[in-house]
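# Descriptive analysis of the structure
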Amino acid sequence: MIRNWLRNFMIGRYGPDQLNILLLILAVIFGLIASITGLLVFSIISYIIIVLAFFRLLSRNFERRRRENDVFLRFWWPVRRKVKMFFEKLKARKNYRFFKCPSCKNTLRVPKNKGKIQITCPKCGERFIKKT
């Protein structure tokens, strides 16, 4: 019964997206900081972020909320990709070395302990010699 009421209530509203999820995570973080430090400023910031997240969630202006999320994603995806790449390199550093192609700056992974080898970039075809 409550589920149907909520479903009917959300018809025609924007709903959650990636930016809303980030806002709620930030609100929780600021709330935790406020509870640890006891500073009122962090509590106020947390409440403002929660109100903004629920405003976006319940909004009927689909086009504007979509544009806001697109702007956020244009910023977020490169950051996410770099963080993901960092952790992948961290896991693979035992068996592989990573080099940047001098021509196109593409990151190349080569096996460790092979001595001096000629590396060919699969993206641009540039060849260079490195010690692994």
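Refer to the structure printed above.
Residues numbered from 1 in each chain as written. Predicted model: local features only at pLDDT ≥ 70, side-chain atom pairs only at ≥ 80, totals over all residues. Heavy atoms only, no water.

## Quick notes on the packing of aromatic side chains
As a reminder, the rule being used: Here the aromatic set is Phe, Tyr and Trp, taking the six-membered ring for Trp, and pairing holds for ring centres within 6.5 Å; pairs whose planes are under 30 degrees apart are stacked, those over 60 apart are edge-to-face, and all others are tilted. Counting from the N terminus, the helices are DSSP H or I runs at least four residues long and the strands are E runs at least two residues long. Consider the ring centre and the ring normal. A charge sits over the ring if Lys NZ or Arg CZ is within 6 Å of that centre and within 35 degrees of that normal.
Summed over all chains, the structure comprises five aromatic pairs. With a centroid separation of 6.2 Å and an interplanar angle of 10°, the aromatic rings of Phe72 and Trp76 are classed as stacked. On the criterion of helical spacing, the pair formed by Phe72 and Trp76 is a turn pair, its members being four residues apart in helix 4 (residues 62–92). The ring of Phe9 has Arg13 sitting right over it, with the charged end atom 4.3 Å from the ring centre. Against the face of Tyr96 rests Arg109, its NZ or CZ located 4.0 Å from the ring centre.

## Looking at a nonpolar patch on the surface
Definition in use: Every patch collects residues that have over 30% relative accessible area and no salt bridge, joining them within 9 Å if they carry like charges and within 5 Å if they are nonpolar side chains (Val, Leu, Ile, Met, Phe, Trp, Tyr). Every accessible area reported is derived by Shrake-Rupley at a probe size of 1.4 Å, with residue values counting cover from the shown protein chains alone. Here, a salt bridge means any Lys or Arg side-chain nitrogen found within 4 Å of an Asp or Glu carboxyl oxygen.
Side chains of Phe75, Trp76, Trp77, Val79, Val83, Phe86, Phe87 and Leu90 sit close together on the surface and give an oily, nonpolar patch of about 770 Å² of accessible area. As for its placement among the helices and strands, Trp77 is situated in helix 4.

## A look at the layout of surface pockets
The test is simple: The distinction between a cavity and a pocket rests on a 1 Å grid over the protein atoms alone: a 1.4 Å probe fits inside a cavity but cannot get out, while a pocket stays open yet meets protein on both sides within 12 Å along at least five of seven lines, and a residue with an atom within 4 Å of a point counts as lining. Grid points are joined across faces, edges and corners, and a volume is the space filled by probe spheres set on the points. Gly counts as polar in this scheme, as do all residues outside two lists: the nonpolar Ala, Val, Leu, Ile, Met, Phe, Trp, Tyr, Cys and Pro, and the charged Asp, Glu, Lys and Arg.
Computed from the structure, the largest pocket encloses a volume of approximately 170 Å³. Lining the largest pocket, in full, are Arg81, Lys82, Met85, Phe86, Lys89 and Thr107. Per-element accounting of the lining of the largest pocket gives the leading share, five residues, to helix 4. Split by residue class, the lining of the largest pocket holds two nonpolar, one polar and three charged.

## Side note on the pattern of salt bridges
Our working definition: Remark: exposure states derive from per-residue accessible area (1.4 Å probe, protein chains only) relative to the maximum for the residue type, with buried under 20%, exposed over 50%, and partly exposed in between.
Counted according to the given criterion, the structure contains seven salt bridges. Among the ionic pairs, Arg67 bridges to Glu63, the shortest N-O distance being 3.8 Å. Of the two residues, Arg67 and Glu63 are both situated in helix 4; the distance of four residues between them amounts to about one turn of the helix. Residue classification places Glu63 among the partly exposed positions, given a relative accessible area of 39%. Of the charged contacts in the structure, one is a salt bridge between Asp70 and Arg66, with a shortest N-O distance of 2.5 Å. One end of the pair is Asp70 and the other is Arg66, both in helix 4 and four residues apart, which spans about a single turn. For Asp70, a relative accessible area of 27% translates into the label partly exposed. Look at Arg66 and you get partly exposed, because its relative accessible area is 37%.

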